[in-house]
Amino acid sequence: MSLLRTVVIIVSDTAAADPTTDRSGDVLKQAFAADAAGKFEEPSVEIVPDDISQIQRAIRRWTDGENRANLIVTTGGTGFAVKDFTPEAVSPLLDREAPGLVHAMLRTSFEVTPFAMMSRPVAGVRRKTIIITLPGSPKGAKENLQAVLKLLPHACMQAAGEDSRTAHAGGVKKLERDAGVSATSAGGHSHSHSHTHDHHHDHSHGGHKAPKPRTDPSQRPQSNDPALGATARARSSPYPMLTVTDAVSTILSKSPAPIPVSHPLTPDIVGAVISSDIAASEAVPAYRASIVDGYAVIVPSDKTKLKGTFPVASVSHAQASSMPPPLQEGQIARITTGAPLPEGADAVVMVEDTVVASTTEDRKEEATVEILTDALEKGENVREPGSDISLGSVILRKGQRISAIGGEVGVLAAAGIKDVPTYRRPRVGVMSTGDEVTDISFPGELQGGMIRDSNRPSLLSLIRGWGLCEEVLDLGVARDTPEGELERRLRDALRTADVDVLVTTGGVSMGELDLLKPTVERAMGGTVHFGRVSMKPGKPTTFASVPFKGTADGARSERLLFGLPGNPASAIVTANLFLLPCLQKMSGLQEGGRGLERVLVTLAEKVRCDKARVEYHRVVVSGARDGALVARSTGMQRSSRVGSLASANALLELPQREGVLEAGEKCEALMMGPVLGFGGQTAL
Ligand code: AMP
Ligand code: MG
């Protein structure tokens, strides 16, 4: 028999930063050598930080590819510390759970210490590989491994597809002998003790059995394999619950850096972000220009000599073709606003400070003009070359956004910037999922459980309104039931529509037709970075990366997928909270992905908080005459009620707590649109 291939994955931030701190790797190697030599190869050891996606990636490399391991043991991250995520990383990857192995490990640990309660191991099979999560301490890891090690070769061979009839040919006794175990020392562990089945539990209270769950979530049989049907679906979500802040940082860490591109200066540049500081390639003005309509003069050193009557030697209009002739002392030149000063002139007298003294014979032209003032400084009413924008000065900085107000476009045009260094804006696709979801174009009355697709049109308008995307594509509705439809539609979106970010709604809750997560993880080889967020509405929000083989150069890359909840209010709230920062980062905004602008508002009425989750309560924020921002609820907040967003311009971020915030209290709000004016009028 060839030796079984084994991998030890050390899960530890500390060891990932400094591999010399790890001791578990060696201890486990020794345990394999001592107790299972001749069965297992010497394990390869890998170190990953306490990060769900990195743990999953490390495991997948050894389970899904050519280079398959028979056994993966992880060590670390199984406790209750905030960064202990290993079971949450491993569980969703398991095709089949192995509670027996978990039981054996826990039982062994309990014999050593009651602290065994603090370990949350999982075990099972992914494809052909057995996976076991050991605790992080070298001693605990070794004891747990020893608890199951002797039986693992047999389990590994079965998982790898060995014909079980051959393996069982000699009967269970032979298997036990081969493994060096017996019924009384199943783990072959030194503290062998007899485990009998004739003990009975003390059911007090007069024999009445109070209903109580006998499983803890790690032991509930669950699978994310939709092929196993409704009976085998997960009965509690295997995804850890992230805070909104952690979810946003996860998104930002996975969102790709922006890519610089050149964009011609056309109106559709509005919304783009500048990718490098832009220097003026032309000065503004390019010549000495008059600020007023009047007469260009040479200011004499004796100011009193400015007053008087002077011949009008020339006329300078704001026009492209010619420059006026130089001005001689004792002459003046008529000039219009914006026109170039004649050489020699150093100030302009306003037409208001002059009168015509004499005309030409045809009376149409001024021959001489009298200047009525002597209060004029050198340089007055003159814009020096480059005084608005000097040549080479920075007019816009990297990370600044080109607004629809027009200032940025204006300054670029004035300074002669024809091609603007911007960032490529992401392409986003929006798809609804669900058999009941019916396009708005469906004629006639809805039948049975049909509902109108409101998510797609509302998300398309929301995302287009942000102006951060090159294109926001409508990808229609994907049905749940035809097998493989969701996968096919998701793949099409990446391949044909070539979107950088795919936004779906629906299919992320706990029903057996909620196929998004399993489709992404199982069928598409994607990684779910998070599948639950502690917020209301929006708890099942899902964020994943999906591998994508580009058609053009065959290069592999990853695309992002936001699986937003199907409930309409949840979909819009979560798009604002999670999708927006991602698109802000991808489009290169200076502030990265800070999401909606946050302000402090005063509550116009009392609002109830949720004791379990942070709640995003839809409100209308308007400016009061005293300068305060006042928030008024849009009414019933149920997550299915899209109308709660119909007039809302902000989301109150209600703290997670019992009770209410009273009228007059302050609360933070996230602005989705402009603040309303005093009279509650829209800003536009
Ligand atoms: P799901 O997450 O698929 O279980 O959907 C949760 C709820 O949202 C269900 O009541 C769905 O009918 C509803 N829903 C799902 N997709 C849409 C949509 N595109 N427009 C409106 N409601 C939807
Ligand atoms: Mg659905």
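Residues numbered from 1 in each chain as written. Chains lettered and ligands numbered in written order. Predicted model: local features only at pLDDT ≥ 70, side-chain atom pairs only at ≥ 80, totals over all residues. Heavy atoms only, no water.

If you trace the six strands from one edge of the open sheet to the other, you get β13-β10-β12-β11-β15-β14, paired in mixed fashion. Edge positions in the sheet fall to β13 (347–350) and β14 (354–359), since each has one partner strand and no second. Pairwise comparison of adjacent strand axes, ignoring direction, gives a mean angle of 40° for this sheet. Relative to strand β12 (residues 332–335), strand β10 (residues 294–297) runs antiparallel, the two being bridged by three bridges. In the strand pairing of β12, Y295 is matched with R334. (Pairing = 2+ DSSP bridges. Helix = DSSP H or I, 4+ residues; strand = E, 2+ residues; numbered from the N terminus. Axes fitted to C-alpha atoms, helices over the stretch in contact; angles between N-to-C directions.)

Per the stated rule, a full pass over the model turns up zero disulfides. The thiol of C667 is unpaired, and the distance to the nearest cysteine sulfur, on C609, comes to 7.3 Å. (Disulfide = S-S within 2.5 Å.)

Taken together, 18 residues form the shell around ligand 1, and within it E436, D453, G507, S509 and G566 come nearest. Here a nitrogen atom of ligand 1 and a backbone polar atom of N455 are 3.3 Å apart. Within the contact set of ligand 1, an oxygen atom lies 3.0 Å away from a side-chain nitrogen or oxygen of S509. Isolated, ligand 1 exposes 490 Å² of accessible area, and the fraction of that covered by the protein chains is 78%. Residue assignment for the shell around ligand 1 shows that the elements contributing at least two residues are β19 (427–433) and β21 (451–452). Per-class residue counts for the shell around ligand 1 are four nonpolar, 10 polar and four charged. (Near = heavy atom within 4 Å. Polar contact = N/O pair within 3.5 Å; in protein donor to acceptor, adjacent residues only side chain to side chain. Areas by Shrake-Rupley, 256 points an atom, 1.4 Å probe, with all protein chains shown as cover. Nonpolar A, V, L, I, M, F, W, Y, C, P; charged D, E, K, R; others polar.)

Reading fine detail from the predicted coordinates is not recommended where pLDDT is low. Here the protein chain averages 89 in pLDDT, and 89% of its residues register 70 or above. Across residues 184–210, confidence stays below pLDDT 50; counting only partners more than four residues off in sequence or on other chains, it has 17 contacts. (pLDDT = per-residue confidence, 0-100. Contact = heavy atoms within 4.5 Å.)

The next subject is the packing of helix α10 (residues 244–254) against helix α15 (residues 568–586). Across the interface, α10 lies against α15 with an axial gap of 9 Å and an inter-helix angle of 30°. For the element pair α10 / α15, the angle class is roughly parallel. Crossing geometry of α10 relative to α15 is assigned as right-handed. Residues V244, A247, V248, I251 and L252 of α10 pack against L577, F578, P581, C582 and K585 of α15. Taken together, the residues that form the contact of α10 with α15 break down as nine nonpolar, no polar and one charged. (Parallel < 35°, antiparallel > 145°, perpendicular 65-115°, else oblique. Left-handed = near helix turned anticlockwise from the far one by under 90°.)

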